[in-house]
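Descriptive analysis of the structure
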Amino acid sequence: MFDVIIVGAGPAGLSAGIYTVRSGKSALILEGKSYGGQIINTPDIENYPGIKNISGFEFATGLYEQATSLGAEVKYEQAVSIEDKGDIKIVNTEQGSYECKAVILATGAKNRPLGIEKEKEFVGYGISYCATCDGAFYRNKDVAVVGGGNTAIEDALFLTNYCNKVYVIHRRDTFRADPKDVEKLKSKDNVEFVMNSTVEKILGESSVEGIEIKDKNTKETKNINVSGIFVAVGQEPDNQMFSDLVELDESGYIIAKEDCMTNVKGIYTAGDCRTKSVRQLTTAAADGAVAALAACAIID
Ligand code: NAP
């Protein structure tokens with residue numbers, strides 16, 4: 001029996017682990033993939049207070065080591081369901097079942113696909129959702145980054161170091177990414193911005209050879225030859241397995257306010273998986289602390 005079981009070992013889940021064990025309670029963190037969540041693939045973090053510059057991997061590893069050295073237990077098991085038995089909750093994974101007094105859902109979010117033909121088929125053959133993981137394969141080649149948020153601009157910046165040319169394809173004429181990073185990207189001489197445009201088709205027989213893009217204003221289409229397409233069009237939650245347990249909004253995010261409480265007693269949520277307006281590393285870590293302290297407060 002654990003005091004608190006945390007589902008997800010991203011920044012929110014690991015922060016929740018730190019605050020749980022520092023409150024004198026036991027914590028089990030369940031993770032289906034690897035620790036760190038999405039931040040592990042971020043090349044440079046420059047907006048976490050107190051740290052001027054750090055790679056996502058280094059940050060996530062530091063957070064993981066901090067949580068485990070303080071006593072949080074991490075098991076690499078995918079949670080598949082949660083049973084609410086009042087004061088006791090049962091978390092079932094693919095390997096076993098664990099009992100606890102409170103649960104924190106910190107499942108983060110997953111990459112949103114473009115949803116066009118050949119996208120799924122060409123993953124690993126020119127389609128990537130992670131520039132830091134796959135960027136080096138495209139050394140001296142032409143690539144496209146699709147999206148206009150922080151991920152797209154950071155990915156494009158990273159890829160300008162390796163690639164011959166980086167096309168940034170964005171569906172509007174302004175970016176939602178931090179202006180500072182957009183300006184940095186504009187100063188690169190191997191980047192071309194293709195604004196007000198959407199990717200209509202992925203070209204190539206057995207791997208990516210190009211894209212067909214459509215200008216939203218003129219409706220004209222044109223082909224661009226690229227060997228790689230980095231899709232960075234945002235995230236979507238992965239909470240369907242909890243839809244019978246807690247209330248989700250119409251987009252699938254767990255409904256909770258800044259207190260991180262769900263509609264079920266003893267079940268809390270933290271980080272990108274919950275309804276919120278700002279999804280940042282700092283807000284994920286903050287959620288972890290808030291959820292853990294709230295969970296610990298109901299445990300004797
Ligand atoms: P995001 O901010 O949601 O941006 C997604 C981008 O993709 C938007 O520009 C959006 O266009 C575009 N888009 C969405 N669906 C599309 C589609 N079907 N076809 C074409 N374009 C599409 O996602 P993100 O960049 O992954 O960032 C997610 C969250 O993490 C954000 O809160 C972000 O600030 C945060 N983040 C922070 C950092 C950092 O602080 N260092 C780094 C990475 C991410 P519109 O603009 O037209 O909606």
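For clarity, every value in this text was computed on a predicted model and none was experimentally measured.

1. Description of the pairing of strand 9 (residues 142-146)
Where burial is concerned, most of strand 9 is hidden: four out of the five residues are buried. Across five bridges, the pairing between strand 9 and strand 10 (residues 165-169) is parallel. Looking across to strand 10, one finds that D142 is bridged to K165. A crossover links strand 9 with its parallel partner strand 10, the connecting element being helix 4 (residues 150-160), and its sense is right-handed. Pairing of strand 9 with strand 15 (residues 228-231) involves four bridges; the strand directions are parallel. Residue pairing across strands places V146 opposite V231, the latter belonging to strand 15.

2. Some points on the pattern of salt bridges
Applying the stated criterion across every chain, the model contains 14 salt bridges. Across the pair D3 and K101 runs a salt bridge whose closest N-O atoms are separated by 3.3 Å. With D3 in strand 1 (residues 2-7) and K101 in strand 6 (residues 97-105), this pair connects stretches of sequence that are 98 residues apart. Residue D3 is classed as buried on the basis of its relative accessible area, which comes to 13%. The closest approach of N and O atoms between E212 and K201, which form a salt bridge, is 3.7 Å. Pair noted here: E212 is in strand 13 (residues 210-215) and K201 is in strand 12 (residues 197-203), with a separation of 11 residues, a long-range link. A residue is classified by how much of its surface remains accessible, and E212, at 16% relative accessible area, is buried. One connected set of salt bridges, linked through shared partners, spans E258, R274, K276 and D287.

3. What to know about the site of the ligand
Near the ligand lie 19 residues; those nearest to it are N47, N150, R172, R176 and Q280. A distance of 2.8 Å separates an oxygen atom of the ligand from a polar side-chain atom of N150. Measuring from an oxygen atom of the ligand, one finds a side-chain N or O atom of R172 at 2.6 Å. In the complex, 80% of the free accessible area of the ligand, which totals 910 Å², lies under the protein chains. The biggest single contributor to the shell around the ligand is helix 4, with three residues. Grouping the amino acids of the shell around the ligand by side-chain chemistry returns three nonpolar, 10 polar and six charged. Counting the residues that make up the shell around the ligand, at least three belong to each of domain 1 (2-111 + 235-297) and domain 2 (127-231).

4. Looking at the state of the cysteines
Applying the stated criterion across every chain, the model contains one disulfide. The disulfide partner of C130 is C133, and the S-S distance across this bridge is 2.0 Å. Across the disulfide from C130 to C133, rotation about the S-S bond amounts to roughly 75°, and the bridge is consequently right-handed. C130 gets classed as buried once you look at its relative accessible area, which sits at 10%. No disulfide involves C273; its sulfur sits 9.0 Å from the nearest other cysteine sulfur, which is in C260. Residue C273 is classed as buried on the basis of its relative accessible area, which comes to 0%. No disulfide involves C296; its nearest neighbouring cysteine sulfur is the one of C100, lying 12 Å away. Residue classification places C296 among the buried residues on the basis of a relative accessible area of 8%.

Conventions and cut-offs
Residues numbered from 1 in each chain as written. Predicted model: local features only at pLDDT ≥ 70, side-chain atom pairs only at ≥ 80, totals over all residues. Heavy atoms only, no water. Buried < 20%, exposed > 50% of the residue type's maximum accessible area, 1.4 Å probe, protein only. Helix = DSSP H or I, 4+ residues; strand = E, 2+ residues; numbered from the N terminus. Pairing = 2+ DSSP bridges. Right-handed = clockwise from strand over helix to strand, strands pointing away. Salt bridge = Lys/Arg side-chain N within 4 Å of Asp/Glu carboxyl O. Near = heavy atom within 4 Å. Polar contact = N/O pair within 3.5 Å; in protein donor to acceptor, adjacent residues only side chain to side chain. Areas by Shrake-Rupley, 256 points an atom, 1.4 Å probe, with all protein chains shown as cover. Nonpolar A, V, L, I, M, F, W, Y, C, P; charged D, E, K, R; others polar. Domains from an automatic or database assignment. Disulfide = S-S within 2.5 Å.

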